[in-house]
Amino acid sequence: MFRKVSFFIVLCALGANAQAGNPFFGEYKNQIMLTIGQGFDSGELIAFKHLNHPAPYYMMNLQYSQPTTFFRLPARQSINAVKTLGFGRSNYGGGCRYYACNWRDYEAEIFMLSQDVALYNTERWYFGTGMGLAVQGRQNERENTKFLIGFRLFAGYKMTENWNLELVMQHFSNGDTGTENNSYDFWGLGVAYNF
């Protein structure tokens, strides 16, 4: 599995070129993006396996970014202010890893520094991945630490030079630093303004 993923990332990276311009920004040097996401009770790196278990858990991410490169690939460095919101309980018929998950207990404010890399882009479309280091405002039983690692996959579309849309999979993990290796997963839609 790791070999397949590594091969795919290397293959995609051959399609991105920073000298052709930064697909996130076009001619601009600043970007603000608001992403709203639906949470899933997954515990997996990518929530494909658990898309039938949406949680009463949501994410709002306000992100400010500037262009950069990563090993000559077009990239962006970002400051993220994230708010997660939980509403009620859901045990998924006994499938929740905690008895009758109370998603309100997992609400948090998260501050993250991140970097995204465009692995493939065309004139309008771009696809990539990103990583970040984060700290959440309060510790809870699911993550059992204040420090988190962020990982994301995204597909973006430049509507105009000023406006982008992005489909985002955002993963926050405790990186096995808590008593259990746990995570939050979100699928969301982002709207970015370049200026």
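Remember, predicted model here, so these are calculated numbers, not experimental data.

## Let's talk about unusual backbone geometry
Here comes step 1: Even without being a glycine, Phe71 presents a positive backbone phi close to 50°.
Here comes step 2: Of note in this structure, Arg72 is not a glycine but carries a positive phi near 70°.
Here comes step 3: When you line up the elements, Arg72 lands in the loop between β2 (54–70) and β3 (73–86).

## Observations concerning the pairing of strand β7 (residues 125–136)
Here comes step 1: Judged from the eleven bridges that link them, strand β6 (residues 108–121) and β7 form a sheet pairing that is antiparallel. Within β7, the position partnered with Ile110 by the bridge is Gln136.
Here comes step 2: Adjacent in sequence and paired antiparallel, β6 and β7 are bridged by three residues.
Here comes step 3: Sheet topology note: the β7/strand β8 (residues 147–158) ladder contains eleven bridges and is antiparallel. Within β8, the residue paired with Thr129 across the bridge is Leu153.

## A closer look at the sheet that holds strand β10 (residues 183–194)
Here comes step 1: Pairing is antiparallel around the closed barrel formed by eight strands, whose spatial order is β1-β2-β3-β6-β7-β8-β9-β10. Pairwise comparison of adjacent strand axes, ignoring direction, gives a mean angle of 25° for this sheet.

How each quantity is defined
Residues numbered from 1 in each chain as written. Predicted model: local features only at pLDDT ≥ 70, side-chain atom pairs only at ≥ 80, totals over all residues. Heavy atoms only, no water. Helix = DSSP H or I, 4+ residues; strand = E, 2+ residues; numbered from the N terminus. Pairing = 2+ DSSP bridges. Axes fitted to C-alpha atoms, helices over the stretch in contact; angles between N-to-C directions.

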